[in-house]
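Summary of the model geometry
For reference, the chains in residue letters:
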Amino acid sequence: MALKDWIGRLRGKAPTETEAPLSTPPGQLPEPEPPQGAPTLPGPAGPSLPMAPLPVPPPFTPQAPLARIGAVPAPAEIEEEEKPAPPPPEPAIEPSPEVPALLPADASEEAARTGWFTRLRTGLSRSTARLTESVTTLFRKRRLDEEALEELEDTLISADLGVAAARRIVEGFRRTRFGKEVTDEEVKAALAEEIAAILAPVAQPLTLEPGRAPHVVLVVGVNGTGKTTTIAKLGQQYREGGLSCAFVAGDTFRAAAVEQLQIWGERTGARVFTPAKEGADAAGLAFDALTAARAAGTQVLLVDTAGRLHNKTALMEELRKVVRVMKRVDPEAPHSVLLVLDATTGQNAVQQVKVFKEMVDVTGLAVTKLDGSAKGGVVVALAQEFGLPVHVVGVGEKAADLRPFTARDYARGLVGLP
């Protein structure tokens, strides 16, 4: 070792303390020494292999986003001019009340009548179809014998004309056309004549006496027949006729009914007497309203009432109380009692008339809801059985859709004739 150091000094190379003596066998390359502090991986066999140190990434600095194919730009990247123009704001729609707007009748009376008759025929379409289909099937150049008359009677009863009216019509055919050959069109025309003869005596307008100041019309009926809207339509027509009119919101148990009449009052310019609270005494309200109307000289007072089930005695007694209390102000009040009937109820309307007539002495009828589902033949049954005036019929929501009842128009509309 000393000899080696001496030779190194002669060549100018100083030995270092870190140099290790050569220990590699001849013919083999020395293994590289790993950097200090570097981790090593164990090999499958033999010495561990050194692992290069991982590079440390530079600190992150935010840059503009790189464009990517198919990338969806963020909202901020969309140019302002490329944005679709927003649609114009829709006008605010106020919630419509349950009651539709009232419109005046047509300026032309003939046009009004034509339009009214068209709507009436449309409303009677269900009953018309039932009648005309059977009549067309029964009478095609057929002799009018007993068998044909029996079949005709069954057809009329099924169309809600009632037993009494059906028998009366058949007897008319027996007297005038028995044994003759008739066509379906001849039978329709004869039917219209017989039905009009039954309806003519009851086709009477509601006659008012404004000199009573006021003429009190008590409007009654079961739930859902259209009492409140009938009051409103009559009120507008009276106002257009130059009469002062007021409403009494006597359906005190139903807040919606009171609100409806208030809306109608605003539209028609009629004064509305409302209860102090929901469920207030309807008789007391009627008393106060009649007293105030007399003092103001109001010519017509239309009194709404709660819907009464005709088979509930207690409710009907409350209606009698309203009548008794009004008589304290005017012994003759109410001067008219208008029973509103829903034409879609069919023969049930007959029972309603019986009960209400006993309770409050009904003086006239209003038939509403003559739409495509109406059973219009029941009006003939009512006329035959009770003989009560049918003042008005309604086929729609406008004031002009409530019109005086006319026997000929109704009869021809019922059998489908122009």
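Above this text sits the structure in question.
This section reports on the structure supplied with the text.

1. Here's the deal with the overall build of the protein chain
The secondary structure content of the protein chain amounts to 13 helices and 12 strands. When each of the 418 residues of the protein chain is scored for burial, the buried share is 42%. Looking at the protein chain alone, contacts between residues at least 24 apart form 78% of all its contacts between residues at least 6 apart. Approximately 23800 Å² of the protein chain is accessible, and the part contributed by carbon and sulfur atoms is 56%.

2. Quick look at the pairing of strand S6 (residues 245–248)
Across the two faces of S6 the burial is the same, with Cys245 and Phe247 and Ala246 and Val248 all buried. Across 4 bridges, the pairing between S6 and strand S8 (residues 300–303) is parallel. By the bridge assignment, Cys245 is partnered in S8 with Val300. Examined bridge by bridge, S6 and strand S7 (residues 271–273) share 3 bridges and lie parallel to one another. Bridged to Val248 within S7 is Phe273. Note that the unit made of S6, helix H8 (residues 255–268) and S7 has a crossover that is right-handed.

3. Considerations on the pairing of strand S9 (residues 336–342)
Taken residue by residue, a regular strand's side chains alternate between the two faces of the sheet. Of all 7 residues making up S9, 7 are buried, and the element is well covered by its neighbours. In S9, alternate side chains face the same way, and those of Ser336, Leu338, Val340 and Asp342 on one face and Val337, Leu339 and Leu341 on the other are all buried. Direction of pairing for strand S5 (residues 215–220) relative to S9: parallel, over a ladder of 4 bridges. The residue bridging Val217 from the neighbouring strand is Ser336, located in S9. As defined by bridge partners, S9 adjoins strand S10 (residues 364–368) across 5 bridges and the pair is classed as parallel. Looking across to S10, one finds that Asp342 is bridged to Thr368.

4. What about helix H9 (residues 282–296)?
Its 15 residues place the ends of H9 21 Å apart at the C-alpha level, agreeing with the 21 Å of an ideal helix rising 1.5 Å per residue. Within the sequence span of H9, burial applies to Ala282, Ala283, Leu285, Ala286, Ala289, Leu290 and Ala293. Each buried residue of H9 sits inside an arc of 155° when the element is viewed along its axis, so together they form one side. Packing partners of the buried residues in H9 comprise S5, S6, S7, S8 and helix H10 (313–329). With its phi angle positive at about 75°, Gly297 sits one or two positions after the end of H9.

5. Focus: the packing of aromatic side chains
One pass over the structure, following the stated rule, counts 1 aromatic pair. The cationic tip of Arg267 hangs over the ring face of Trp264; the distance from NZ or CZ to the ring centre is 5.8 Å.

6. Quick word on the environment of Thr228
Along the chain, the position of Thr228 falls in helix H7 (residues 227–240). Residue classification places Thr228 among the buried positions, given a relative accessible area of 6%. Sequence-wise, Thr228 and Ala257 are 29 residues apart; in three dimensions their C-alpha atoms are separated by 7.1 Å. Apart from the residues lying within four places of it in its own chain, the contact partners of Thr228 are Arg254, Ala257, Gln260, Leu261, Trp264 and Asp304.

7. Notes on unusual backbone geometry
Ala213 connects to Pro214 through a cis peptide bond whose omega is 5°. Assignment of secondary structure puts Pro214 in the loop between helix H6 (184–199) and S5. Across the junction of Ala333 and Pro334, the peptide omega takes the value -5°, indicating a cis bond. Among the secondary structure elements, Pro334 is positioned in the loop between H10 and S9. Positioned with a positive phi, Asp160 is a non-glycine residue whose angle comes to about 70°. Checked against the element boundaries, Asp160 lands in the loop between helix H4 (146–158) and helix H5 (163–177). One non-glycine residue with positive phi stands out, namely Asp361, at about 55°. Locating Asp361 in the fold gives a position in the loop between helix H11 (348–360) and S10.

8. A look at the sheet that holds S8
The pairing of strands in a sheet happens through backbone hydrogen bonds and is either parallel or antiparallel. Read across the sheet, 8 strands follow the order S7-S6-S8-S5-S9-S10-S11-S12 without closing on themselves; strand pairing throughout is mixed. Both edges of this open sheet fall to S7 and strand S12 (402–404), since each of them pairs with a single strand only. For this sheet, the mean inter-axis angle between neighbouring strands, taken without regard to orientation, is 25°. Taken strand by strand, H8 contacts S6 and S7, and its axis lies near 170° from that of S6. Sheet strands touched by H11: S5, S9 and S10. Its angle to S9, the strand with the most contacts, is close to 160°.

Definitions and limits used
Residues numbered from 1 in each chain as written. Predicted model: local features only at pLDDT ≥ 70, side-chain atom pairs only at ≥ 80, totals over all residues. Heavy atoms only, no water. Helix = DSSP H or I, 4+ residues; strand = E, 2+ residues; numbered from the N terminus. Buried < 20%, exposed > 50% of the residue type's maximum accessible area, 1.4 Å probe, protein only. Contact = heavy atoms within 4.5 Å. Areas by Shrake-Rupley, 256 points an atom, 1.4 Å probe, with all protein chains shown as cover. Pairing = 2+ DSSP bridges. Right-handed = clockwise from strand over helix to strand, strands pointing away. Expected span 1.5 Å × (residues − 1). Arc of directions from axis to C-beta. Phe/Tyr/Trp six-rings, centres within 6.5 Å; stacked < 30°, edge-to-face > 60°. Lys NZ or Arg CZ within 6 Å of the ring centre and 35° of its normal. Axes fitted to C-alpha atoms, helices over the stretch in contact; angles between N-to-C directions.

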